[in-house]
Amino acid sequence: MKQLLTGKQMKQADTWSIKEFGMESLILMERAALCAAQHIMSVQKPGCVFIMCGMGNNGADGLAMARILSQNGWSVRIAAIGQIEKATKEWLYQKSLLDKMEILPVQYFYESDDKDEEEYRSALSNLYVPAQVYVDALFGVGLSRKVSGVYRAAIEEWNEHKKKCGAYGVAVDICSGLDAKSGQVLGAYVKADVQITFGYGKVGQFLYPGASLSDQTITCDIGMPNEAVYHVDGFPFNCLEKSDAKDWLGSRCLWGNKGTFGRVVIIAGSSGMAGAAYLSALAAYRTGAGLVDIVTPKCNRLVLQQLLPEAVLHCISEISEISKDEDEEQLAYLRNEVLPKAKAIVIGPGLSTDTLAKKLLDMVLEWNRSQNCPIVIDADALNLLAMRTNIDHAEYLGENVILTPHPGELGRLMNSSAKEAAKNLLYFAEELQKKFGCICVCKDARTVILTQKNRYLNLTGNSGMATGGSGDVLTGVIASLAAQGLSAERAAVLGVWLHGAAGDEAAKEKSPYSMIARDLADGLSKVLIQISRKKV
Ligand SMILES: NC(=O)C1=CN([C@@H]2O[C@H](COP(=O)(O)OP(=O)(O)OC[C@H]3O[C@@H](n4cnc5c(N)ncnc54)[C@H](O)[C@@H]3O)[C@@H](O)[C@H]2O)[C@@H](O)CC1
Ligand SMILES: Nc1ncnc2c1ncn2[C@@H]1O[C@H](COP(=O)(O)OP(=O)(O)O)[C@@H](O)[C@H]1O
Ligand SMILES: [K+]
């Protein structure tokens, strides 16, 4: 399992290693600089390298890289941007080594507020020499505010000159301008070929738009003590990898029958929305559930029977079509005959927010209070949940409930907008988890999964999944895994991984442009062939 930290957590890990463990800051820095320099030497023959340094320790890494590369036959040019009074002690030390070696001129460019951006850029332009490698060591995880003035000009010149001379761009630790937690860019930002990041990957490098700033992010071990990660606030973000997916999936019982592999009850669909029920149910079957029941309005009977004859249908009447007694009867039937057989329940895809949908959600939440059955709440059921204002959510929901909002639904659940939720996905996910006390799967180009104790970031998937019905497929995958006996947490995390990996398979075959939600079901089969064990 790969672990990622936020910028703040990384600093805490650094500080603990230095102050509590007693590892000299310069040891870590030397390892970091050596790692980045070695990467450059592994992909390029010695030539000319241009290094843009700030005055913090990211800049100090850049100076140390300059020394190492110079000693290995490289011609080095350095532009130091900022005020020398702000330089860290490590920076001054690295600079003093360069001075003693008498081989490297450091060109300074001081910060002052009296120029406009164009003036800065033309002044800086002279410092940016043609080179085959461009290194960005302006800001690392210490970036704390929007980039402006001389720094903005320095970044823009760096991008422009790098492009003009076709140089290989290396960002030290993290692309300058990228926020190491949110993945948002703060003002200007470097676009590099590779980010050589130290100790742990930073969450912001894997969230979008941050993940698009470089083609590759390489994490280097810089010798930080392993315990350092236990001395940070909160939890690191875990990223499931293929080998973990294999372990978590386990093996399928060779002598199992359909009862062994769990029954998923899917409460979904409304008039014109049969597809949502179909996609969720199809995905549940394709992920291995033994039986799938669909609870849906009568109008969807024919289409669902034709699309998925394998599903058991329970067709219900709209409230307007029946008497109060009949309405009570059909709910009692669901409560007494259908829900008790479920090993996992999905509620919400295409459900609508009408009175019947509301009653169905009430019934499922009531069921949740007395039974220990994993429940996936999605789409309209989330919208209905967002409309409830006077309940203590944490009392209703628990560790067996999985909410799967996209940014629109997340915004609604948190009384905010989709735009805000997408921009601050981690923050919103944390608040949602606190509010409902359950498992929160906050979906976007990167999906964040939070439980009471753990944080996960999913790295599979692609833009082809931004197509109607993808989310419905996810509900079926998660519920199917839960029905087969995985804990709700593992079902959610593995489900999101599988769903993304299925999307990646679909994209290989159809391209992200033309794949549709149904293709994810075929993708699931391919991924399951790759990760399922051959023998018990
Ligand atoms: N011993 C350590 O602490 C290690 C640190 N390392 C490097 O050190 C970096 C962190 O160093 P620092 O904490 O010194 O931080 P940075 O070097 O990332 O930058 C901090 C400096 O930039 C200024 N700053 C922040 N945002 C700004 C903005 N928008 N405009 C203008 N100035 C701004 C700050 O006031 C501060 O002076 C890491 O990313 C990594 O590259 C590595 O060498 C590994 C070991
Ligand atoms: N650009 C993307 N990269 C990776 N995954 C994506 C991307 N866009 C959407 N997805 C995934 O596709 C699914 C879309 O879900 P949702 O918006 O609920 O779809 P729908 O409501 O149409 O079923 C989510 O799991 C989301 O994480
Ligand atoms: K950097």
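The rules behind these values
Residues numbered from 1 in each chain as written. Chains lettered and ligands numbered in written order. Predicted model: local features only at pLDDT ≥ 70, side-chain atom pairs only at ≥ 80, totals over all residues. Heavy atoms only, no water. Helix = DSSP H or I, 4+ residues; strand = E, 2+ residues; numbered from the N terminus. Buried < 20%, exposed > 50% of the residue type's maximum accessible area, 1.4 Å probe, protein only. Contact = heavy atoms within 4.5 Å. Areas by Shrake-Rupley, 256 points an atom, 1.4 Å probe, with all protein chains shown as cover. Lys, Arg positive; Asp, Glu negative; His and termini not counted. Charge placed at Lys NZ, Arg CZ, Asp CG, Glu CD. Domains from an automatic or database assignment. Buried area = accessible area lost by both parts, 1.4 Å probe. Salt bridge = Lys/Arg side-chain N within 4 Å of Asp/Glu carboxyl O. Donors = N, O, S within 2.8 Å, 3.2 Å for Na, K, Ca; no water. Near = heavy atom within 4 Å. Polar contact = N/O pair within 3.5 Å; in protein donor to acceptor, adjacent residues only side chain to side chain. Nonpolar A, V, L, I, M, F, W, Y, C, P; charged D, E, K, R; others polar. UniProt positions renumbered as here; feature names shortened; annotations may be inferred. Pairing = 2+ DSSP bridges. Axes fitted to C-alpha atoms, helices over the stretch in contact; angles between N-to-C directions. Parallel < 35°, antiparallel > 145°, perpendicular 65-115°, else oblique. Left-handed = near helix turned anticlockwise from the far one by under 90°. Core = buried A, V, L, I, M, F, W, Y, C linked by side-chain atoms within 4.5 Å. Right-handed = clockwise from strand over helix to strand, strands pointing away.

### A look at the overall build of the protein chain
Part 1 of the reasoning: Each helix and strand in the protein chain was counted, giving 19 helices and 19 strands.
Part 2 of the reasoning: Counting only residues that meet the buried cut, the protein chain has 58% of its 536 residues in that class.
Part 3 of the reasoning: Counted over contacts in the protein chain with a minimum sequence separation of 6, partners at least 24 positions apart contribute 74%.
Part 4 of the reasoning: Summed over its atoms, the accessible surface of the protein chain is roughly 22,600 Å², and 49% of this surface lies on carbon and sulfur atoms.
Part 5 of the reasoning: Looking at the protein chain, you have 56 positive and 60 negative side-chain charges, and the mean spots of the two groups are 4 Å apart.

### Some thoughts on the domain arrangement of the protein chain
Part 1 of the reasoning: Assigned domains of the protein chain: these are domain 1 (2–236) and domain 2 (242–531).
Part 2 of the reasoning: Spacing between the C-alpha centres of domain 1 and domain 2 amounts to 43 Å.
Part 3 of the reasoning: Counting residues at the interface gives 12 residues for domain 1 and 11 residues for domain 2.
Part 4 of the reasoning: Summing the contributions of domain 1 and of domain 2, the shared interface buries around 1,100 Å²; its carbon and sulfur component is 63%.
Part 5 of the reasoning: On the domain 1 side of the interface with domain 2, the three residues burying the most area are Leu207, Tyr208 and Phe235, jointly 42% of the side's total.
Part 6 of the reasoning: Applying the counting criterion to the domain 1 and domain 2 interface returns 0 salt bridges.

### Brief notes about the coordination of the potassium ion (ligand 3)
Part 1 of the reasoning: Coordination of the potassium ion (ligand 3) by the protein involves Asn58 (OD1), Asp136 (O), Asp136 (OD), Phe139 (O), Val172 (O), Ile174 (O) and Ser176 (OG), with metal-donor separations of 2.6 to 3.2 Å.
Part 2 of the reasoning: In the primary sequence, the donor residues of the potassium ion (ligand 3) line up as N-x77-D-x2-F-x32-V-x1-I-x1-S. Residue phenylalanine 139 is located in the loop between β5 (133–137) and α6 (149–164), and its partner serine 176 is located in the loop between β6 (168–172) and β7 (192–198); the two are separated by 37 residues in the primary sequence.

### Some words on the site of ligand 1
Part 1 of the reasoning: Within the structure, ligand 1 sits among 22 residues, and Lys11, Asn57, Asp61, Gly140 and Asp173 are positioned closest to it.
Part 2 of the reasoning: Within the side chain of lysine 11, a nitrogen or oxygen atom sits 2.7 Å from an oxygen atom of ligand 1.
Part 3 of the reasoning: Aspartate 173 is positioned with one of its side-chain polar atoms (N or O) 2.5 Å from an oxygen atom of ligand 1.
Part 4 of the reasoning: Protein chains shield 85% of the accessible area of ligand 1, which is 880 Å² for the free molecule.
Part 5 of the reasoning: The set of elements that each furnish at least two residues to the shell around ligand 1 consists of α1 (7–20), α2 (25–43) and α3 (57–71).
Part 6 of the reasoning: Class assignment of the residues belonging to the shell around ligand 1 gives a composition of 9 nonpolar, 7 polar and 6 charged.

### Thoughts on the UniProt feature "binding site: AMP" (unreviewed entry) in the protein chain
Part 1 of the reasoning: When the UniProt feature table is mapped onto this chain, "binding site: AMP" (unreviewed entry) is found at Lys443, Asp444, Ala445, Arg446, Thr447 and Gly471. For this annotated set, covering 29 residues, all C-alpha atoms fall within 13.2 Å of each other, a compact arrangement in space.
Part 2 of the reasoning: Along the chain, lysine 443 turns up in the loop between β17 (439–442) and β18 (448–450).
Part 3 of the reasoning: If we skip the residues at most four places from it in the chain, lysine 443 touches Asp378, Thr404, Pro405, His406, Pro407, Gly471 and Leu474.

### Topic: the sheet that holds strand β2 (residues 48–53)
Part 1 of the reasoning: Taken in spatial order, the 7 strands of this open sheet run β4-β3-β2-β5-β6-β7-β9, and their pairing is parallel. Every other strand in the sheet has two partners, leaving β4 (106–109) and β9 (214–220) as the edge strands with one partner each. Each adjacent strand pair in this sheet contributes to an overall mean axis angle of 20°, direction not counted.
Part 2 of the reasoning: Two elements, β2 and strand β3 (residues 75–81), share 6 bridges in a ladder whose sense is parallel. The residue of β3 that forms the bridge with cysteine 53 is alanine 80.
Part 3 of the reasoning: Packing against the sheet, α3 makes contact with β2, β3, β5, β6 and β7, and its axis sits at approximately 160° to β2.
Part 4 of the reasoning: Contacting β3 and β4, helix α4 (residues 89–101) runs over the sheet at an angle of about 140° to β4.

### Observations concerning the packing of α2 against α3
Part 1 of the reasoning: Contact geometry of α2 with α3 gives a least axis separation of 8 Å together with a crossing angle of 55°. For the element pair α2 / α3, the angle class is oblique. Of the two possible hands of crossing, α2 and α3 adopt the one that is right-handed. Between α2 and α3, the contacting residues are Met29, Glu30, Ala32, Ala33, Leu34, Ala36, Ala37, Ile40 and Met41 on the first element and Asn57, Ala60, Asp61, Ala64, Met65, Arg67, Ile68 and Leu69 on the second.
Part 2 of the reasoning: Here the contact of α2 with α3 is built from residues that sort into 13 nonpolar, 1 polar and 3 charged.

### Topic: the site of ligand 2
Part 1 of the reasoning: Taken together, 17 residues lie around ligand 2, and Lys443, Asp444, Asn462, Gly469 and Gly471 are the ones closest in.
Part 2 of the reasoning: For ligand 2, whose free accessible area comes to 580 Å², the fraction covered by protein is 79%.
Part 3 of the reasoning: A total of 3 residues in the shell around ligand 2 trace back to one element, the largest contributor, which is helix α17 (residues 470–483).
Part 4 of the reasoning: Grouping the amino acids of the shell around ligand 2 by side-chain chemistry returns 3 nonpolar, 11 polar and 3 charged.

### Description of the nonpolar core
Part 1 of the reasoning: Ranked by size, the top nonpolar core spans 61 residues in total, and within it Leu494, Trp497 and Leu498 carry the most contacts.
Part 2 of the reasoning: Ranked by residue count, the leading element in this core is helix α18 (residues 488–514), at 12 residues.
Part 3 of the reasoning: The next biggest cluster of nonpolar side chains, apart from the first, holds 52 residues, and it includes Leu331, Val338, Leu361 and Leu403.

### Overview of the pairing of β3
Part 1 of the reasoning: Taking burial as the measure, the 7 residues of β3 include 5 buried ones, the bulk of the element.
Part 2 of the reasoning: Between β2 and its parallel partner β3, the chain crosses via α3, and the hand of that crossover is right-handed.

### What about the side chain of glutamine 12?
Part 1 of the reasoning: Structurally, glutamine 12 is set in helix α1.
Part 2 of the reasoning: You can call glutamine 12 buried: its relative accessible area is 19%.
Part 3 of the reasoning: If we skip the residues at most four places from it in the chain, glutamine 12 touches His231, Val232 and Asp233.

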